[in-house]
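As a plain string of letters, each chain reads:
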Amino acid sequence: MRSRSNSGVRLDYYQRIVHRLILAHQEPVTGLFPASNVNSHAWIRDNVYCILAVWGLSMAYKKIADQDEDRAKCYELEQSCVKLMRGLLMAMMNQKDKVEKFKMTQSPYDSLHAKYSSKNGLPVVGDNEWGHLQIDAVSLYLLILAQMTASGLQIVFSLDEVSFIQNLVFYIESAYSIPDYGIWERGDKTNHGEPELNASSIGMAKAALEAMNELDLFGARGGPASVIHVLADEAHKCQAVLQSMLPRESNSKELDSGLLCVIGFPAFAVDDAQLIHNTKDAILSRLQGKYGCKRFLRDGYRTPKEDPSRLYYERWELRMFENIECEWPLFYCYLILFHAFQSDKRAVEEYASRLEKIMVRSEDGILLVPESYAVPQDLVGFEYQKPGSQTREVVGRCPFLWGQSLFILGRLLQEGFLAVGELDPLNRRLGAQKKPDVVVQVVIIAEDNEIRDKLAEHDLHVQTIAEVAPIEVQPARVLSHLYTYLGRNRKLGLSGRKSRDVGILSTSKLYSLKDRIFAFTPQFADLSRFYIASDNELMIDILKGEINFLKSAWDLLGRPLVTLVLKRIHLDQDKIPLAMIQTMRKLKSGYINGTRVMLGSLKDFLNTSAITDLSFLGSTEDGYPDRLHPDVQTYLDEHLLRSFSNRSTMNLRGGQLRPRTLRRRMSCKGAIKKTRSINVDSDNLGMEGPSPLTERRLSSIVPPPWLQANKQSHVSVFATTPEEGPTSSPLNLGNELIRENIYPVDPHHSRSAIDRRSEFVRQQEMPKILIQRHRAETNFADTEVEELIAMLRETENLEEQGDILQYLVDTQGLDFNTARLGFKNKSEDNATQGADNAGMLEEGRVVTVRDLLKGLYEKACQQKLWGLVRHTAGMLGKRVEDLAKAVTDLLVRQKQVTVGMPPNNEYTITAPLPEVELRQLIHDAYGDDESTAMLTQELMVYLAMFIRTEPQLFHEMLRLRVGLIIQVMAKELSRTLNCDGEEASEHLLNLSPFEMKNLLYHILSGKEFAVSSVARGNLSIVSCKSSRVSKKSQIGLGDPEGEDALIATIDDRQGQWLRRRRLDGALNRVPRDFYSRVWTVLEKCQGLAIEGRVLQQSLTQEMTPGELKFALEVETALNQIPQPEYRQLVVEALMVLTLVTEHNMVPSLGGIIYVEHLVHKANQLFLEDQRKVQGDATLCCAKIKDGKEQQQAASGMLLCGGAAYICQHLYDSAPSGSYGTMTYMSRAVALVLDCVPKHGEMECAIS
């Protein structure tokens, strides 16, 4: 036998170490590693990390294998890896039912277990006895499985296993919105078992999704059936959320060393080099010690102050763990690998020498990595005084296999046995390198020849759907349906993909299916969805946004391809809208908003686009992989015929039947207006009580009968019969709190109020059968309804039709049959509803009020009457398809959302909710006001669009209060248009979706805007810098006359600061680092009282300054203040307090500080100064008081209308300057706080 080379000898040494320390512990039956000699539980995460050293060593042997024994060693090591990975796979496959359930519930109790028995792979603790939901562990398994498969190992053996892995991909694909227990298995750091969103889990999931995409699990020997498919959009959502969170780990952990595995080996999940750098620096500066890094701040695990008898911590005791947290050498191993992959030799050597100093030598001289180092009990006091000064002792396992395995990998890299590329065969480490610019390909297709010819007139040449054959163009919903077949497996009981969402990254590829090629139009262009899709300008705006998004997010092979179909429905009075023509010309020019684009035809782009094979649609399970699944076949056959045919809209005006002449016209005018609740003028915003209108309102409260005493119509008394089915509730008795006295009815039918009152009381005690009999006797209602319906057919005006239908819905309910003027059974209703309703009263057909509303809704959409569209959409219970997704988008970027009008009806949404619950919540919040409820849903979608494309708009905002934002939008319109509140709300609700989004953008970004009027009374919002507005007061709604006009031009600068404060208050915007600075104030006083809420000093015991949970506590207290401008002054007062503490003027601020007291004191000082200098405020608050004035002040009305008894002029003062608000606040602090010395010299500098 010839002598070994030096490298061979050295490798044999590592092989002995790996054998003794790692492989010796591997269970022969399952292949799993127990946690220690005394604990047989096998954690998924630890097991995967343990085997990495074995995998690395096998690849090192493969390189020098010139002898049979080396090849044999290499193979043995590889098989150990396969054995372990398959052991974990078997353990998880035993829990396949959980994977299936979790796709639906996403509940922590339905998750895969985090640990199994190493003896037999079965569960070792119950579903609710452990924080099992750890998405990072399953993701790590998938990531390493992908890397090992790419390196040539065969781990997956059968197609059933492939289906299971595909379902594991679905299991982790929503990681960005699922709170879990995270890498340390504790969730919230108090360890009370509350899961939270963890950046380390999201990063690991993103890495796994990218690594798995288009991977053949059978390696080079596989076929189309063994390929895993991932929807690129899911991975991208994980990336977006991860980037918005870093360097924060979660709500309770502002920083965590566990993030090292996300920014470096093994995940390489961050693409932004600067963010990687910032995260690593934050960890090193705040968590690194002599013996490794702390896991996170105030981590009590294994510290001498921890009470080992209980798992959880009390909230007040977390402060004790500060500075004595255990330090983990494991993180030095991560840092060595991190720098090795960056090929930074000096840093690798530095951390290697640090690590060697703290490793423990075994009897036979092997270096071991211990689990952690703690401060000894008797040295805790000294460590508190001077952190990092004391010698620590080893606690926990030694060797700690997770760390030991990474240490060995690091050694193999340092000694040149492995190249970094071998540990990362999928090249994930190159993610942060700069990519070339993406060119977005755009194809526009005309629905038919007529539209093609119309485009040709504008020198835009496109093909029709028929001409692009053999390529077939389908809407995105077809793709989403096809994806539900992915991962289905009857034997395992797995049902395929549940989410119906396909994003722009998925529709920007071509798909091949056998010999056909499909192109899909993007999801936003799907007209069957929501009314915002019928606003062409908004659609174009969204398209520009999506093209811009593709530029940054596209990382697949080939170029992205956006396919758009121009349909009849897009035409405006038979012409192609100008906005569309302009956009197409821009696309033709090759650049749009800074993104390179190419406009062309589908066949030109076949060779340059990404093409994905939909081979998973074959019936593999039935043994015919080459034939399409029978369900898919029928779906495609049906769909290809009708996916792009136009839906016929129902005609409201019956053709054959002319109404008989009406003797009198009943007036329903204003029925819709009565439902509005946006309040602009008053300061206190109460809401009217909700009335039980439709099925959503079952939970509403019945207004007491005496409230309704003066109602004139009985229709509503008898509106409900038990036959009416589930859509209406017995609560419909007298359901019009708000709409009293608006429908004049025959005087014979009105009785005295007392009669009616007793009638109501009787009515509530009457059994149901009685109501029904009454219903039969009163024909009065029928005659009224007949007349209404005749009017409905007669009127051309959609607004009038809306009012009539609103009245019918209130009195008769949505399912009232207008054809028979009676009630029908619900089931019959549904059966006949599908029939085409040509005339309103055709024999034997049912036309319900709901059908009439649908017809009106579609017409209003076509005629662009947006106020009516919003209202009818609300009455029909339409929902924004992406509502739940939009709310999730906001929440996962750490923004909470509130709906409803403050202070009484505000609901906060803190966790993602299903669509149905969200709609219920919004409708509960706005009671009867359908339009505002719809507007709220719409604004949430726009906010989500902005947070995806321009996250910087949301800096320093923690809660988005949609109700307040709506109020501010109306206030801004009333200010700009010089009109009263009601008119402004009307204008607001009639803005087109595009203008609405524009107005919201101007309010979020604080840009000045003006309103210019466009044809048909539609307003258009224009930035003030833009050329379309020559001077500020140009509003096309008739200029204010005389005196007002003068004021309008002068008043421009006045009110500027008030407006700023109002906007910032409504958007909850605070100065930079505001919350962490409030923390320092709280540390020095016993509490801060705001509007009756006291922030206790004990919060600083539980939470660290940068913790999101602390910020939310402060935010909740500030949100008690209903007036936005007053809230902003309170924020300014808090800022002055932070200056006092930061300059260390005083050791302590004393007891509880009442922050409002400071604001009112500042107001007093301001008014005194105003009297001295005869300022503006002498006209209102600073007047010399006489009796009448005092009376007014007592009744709560300030002359100038300032909120919360603070003079309007103080709100309108700039913060700086000798008459600035900060000056007065500082003086108020000096006067109110006892701790500030009253005389003597003092350094005074206010920045």
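The text that follows walks through the structure, step by step, so that each part is easy to find. Source: prediction; values computed, not measured.

1. Quick word on the nonpolar core
Then, in step 1: Core analysis: the biggest nonpolar cluster contains 149 residues, and Tyr141, Leu142, Leu145, Met212, Leu217 and Leu406 have the highest contact counts within it.
Then, in step 2: For Leu217, the residues in contact, after removing those within four places along its chain, are Leu145, Thr149, Val156, Val162, Ile165, Met212, Ser226 and Ile228.
Then, in step 3: Leu460, Tyr531, Leu891 and Ile909 belong to the second largest nonpolar core, which has 127 residues in total.

2. Brief notes about the pattern of salt bridges
Then, in step 1: For the structure on display, the rule yields 68 salt bridges.
Then, in step 2: Its salt-bridge partner being Asp281, residue Lys280 comes within 4.0 Å of it at the nearest N-O pair.
Then, in step 3: Two residues, Arg516 and Glu472, come together in a salt bridge whose shortest N-O distance is 3.1 Å. In this pair, Arg516 sits in strand β16 (residues 516-520) while Glu472 sits in strand β12 (residues 471-474), placing the two residues 44 residues apart along the sequence.
Then, in step 4: Several salt bridges share partner residues, and in doing so they unite Glu173, Glu234, Lys237, Arg497, Asp501 and Lys885 into one network.

3. Digging into the sheet that holds strand β20 (residues 611-613)
Strands pair in a sheet through their backbones, by hydrogen bonds, and they do so in one of two ways: parallel or antiparallel.
Then, in step 1: With respect to topology, four strands assemble into an open sheet ordered β12-β16-β15-β20, the strand pairing being mixed. Edge strands, defined here as strands with exactly one partner in the open sheet, are β12 and β20. Mean inter-strand twist for the sheet, computed between neighbouring axes without regard to direction, equals 30°.
Then, in step 2: When strand β15 (residues 510-513) meets β20, the two strands line up parallel, connected through three bridges. Pairing of Tyr511 across the sheet is with Thr612, part of β20.
Then, in step 3: Packed on one face of the sheet, helix α17 (residues 476-483) meets β12, β15 and β16 and runs near 120° to β16.

4. Describing unusual backbone geometry
Then, in step 1: In this model, Phe265 is joined to Pro266 through a cis peptide bond whose omega is 0°.
Then, in step 2: Relative to the helices and strands, Pro266 is located in the loop between α9 (260-263) and α10 (273-287).
Then, in step 3: Unlike most non-glycine residues, Glu214 shows phi in positive territory, near 60°.
Then, in step 4: One can find Glu214 in the loop between α7 (199-212) and α8 (232-245).
Then, in step 5: With relative accessibility at 40%, the residue Glu214 sits in the partly exposed group.
Then, in step 6: The phi dihedral of Asn978 is positive, around 55°, even though this residue is not glycine.
Then, in step 7: Topologically, Asn978 is positioned in the loop between α33 (962-977) and α34 (981-990).

Each value, and the rule that gives it
Residues numbered from 1 in each chain as written. Predicted model: local features only at pLDDT ≥ 70, side-chain atom pairs only at ≥ 80, totals over all residues. Heavy atoms only, no water. Core = buried A, V, L, I, M, F, W, Y, C linked by side-chain atoms within 4.5 Å. Buried < 20%, exposed > 50% of the residue type's maximum accessible area, 1.4 Å probe, protein only. Contact = heavy atoms within 4.5 Å. Salt bridge = Lys/Arg side-chain N within 4 Å of Asp/Glu carboxyl O. Helix = DSSP H or I, 4+ residues; strand = E, 2+ residues; numbered from the N terminus. Pairing = 2+ DSSP bridges. Axes fitted to C-alpha atoms, helices over the stretch in contact; angles between N-to-C directions.

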